[in-house]
Amino acid sequence: MQYLNSRIAVRYNKHVGRSGHLWGDRYGSCIIDTDEYYLACVRYIYRNPKRAGIVEDLEEFSYSSFQFYAFGREIDVILADDHLVLRWAKRKNQVSKFFRILVLNEEIWISDMEVKKGLRRMFFGSADFKQRMYNIHRCSQ
């Protein structure tokens, strides 16, 4: 797959006169401190279409599992529940209400800019958490 991906990227880039990865940067992962930071990440991801100017209202963006979780609308993909959904899935109306509050509420406790910066690092959370992780994993900040 890596070979195929690189061949496609080389040909496409040559055709359009650009360079670099075709589908964005390489995969990266991040260890997240608490549920609060995790929820901030979920909120950040679901709000991307609005932030990017694709839609003015997130209810208009149909290419997202947010439509299913927040409004119960049918979508054409099979979803794998994450721990957030499993935690709130005891009653379906609770899941919908939770997602609408989480994503649509304009009050934020962790800024989108902080989430964006945090997800580009190895660890995302409080300063104490990050320091502990750097010490445990013996890596530099």
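Remember, predicted model here, so these are calculated numbers, not experimental data. (Residues numbered from 1 in each chain as written. Predicted model: local features only at pLDDT ≥ 70, side-chain atom pairs only at ≥ 80, totals over all residues. Heavy atoms only, no water.)

By size, the foremost hydrophobic cluster in this structure holds 15 residues, and its most contacted members are Tyr46, Phe66, Phe99, Leu102 and Val103. Elements supplying a minimum of two residues to this core: helix 2 (35-46), helix 4 (66-71) and helix 6 (92-104). When residues in this core are grouped by element, the largest group, 5 residues, is from helix 6. Apart from the residues within four sequence positions on either side, valine 103 is in contact with Arg43, Tyr46, Arg47, Leu58 and Phe66. Counting residues in each nonpolar core, the second largest holds 7 residues, with Cys41, Ile110, Val115 and Phe124 among its members. (Core = buried A, V, L, I, M, F, W, Y, C linked by side-chain atoms within 4.5 Å. Buried < 20%, exposed > 50% of the residue type's maximum accessible area, 1.4 Å probe, protein only. Helix = DSSP H or I, 4+ residues; strand = E, 2+ residues; numbered from the N terminus. Contact = heavy atoms within 4.5 Å.)

For the rest of this paragraph, the subject is the pattern of salt bridges. Side-chain pairs of opposite charge can arise where the charged atoms are in close proximity. A complete count under the given rule lists 3 salt bridges for this structure. Of the charged contacts, one joins aspartate 112 and arginine 43 as a salt bridge, the two residues approaching to 4.0 Å between their closest N and O atoms. Note that aspartate 112 is positioned in helix 7 (residues 112-119) and arginine 43 in helix 2, a separation of 69 residues in sequence. What makes arginine 43 buried here is its relative accessible area of 4%. For arginine 51, the salt bridge is made with aspartate 112, and the minimal N-O distance between the two is 2.8 Å. Of this pair, arginine 51 sits in helix 3 (residues 48-51) while aspartate 112 sits in helix 7, and the two are 61 residues apart along the sequence. Its relative accessible area of 36% is what places arginine 51 among the partly exposed residues. What emerges from the salt-bridge pattern is a single network uniting Arg43, Arg51 and Asp112. (Salt bridge = Lys/Arg side-chain N within 4 Å of Asp/Glu carboxyl O.)

Examined against the element boundaries, glutamate 36 turns out to sit in helix 2. Residue classification places glutamate 36 among the partly exposed residues on the basis of a relative accessible area of 43%. Sequence separation between glutamate 36 and isoleucine 110 is 74 residues; the distance between their C-alpha atoms is 8.6 Å. Filtering out sequence-adjacent residues up to four positions away, glutamate 36 remains in contact with Trp109 and Ile110.

Taken together, the side chains of Glu56, Asp57, Glu59 and Glu60 make up a negatively charged region of the molecular surface. Structurally, aspartate 57 can be placed in the loop between helix 3 and helix 4. (Patch = residues over 30% accessible without salt bridge, like charges linked within 9 Å, V, L, I, M, F, W, Y side chains within 5 Å. Areas by Shrake-Rupley, 256 points an atom, 1.4 Å probe, with all protein chains shown as cover. Lys, Arg positive; Asp, Glu negative; His and termini not counted. Charge placed at Lys NZ, Arg CZ, Asp CG, Glu CD.)

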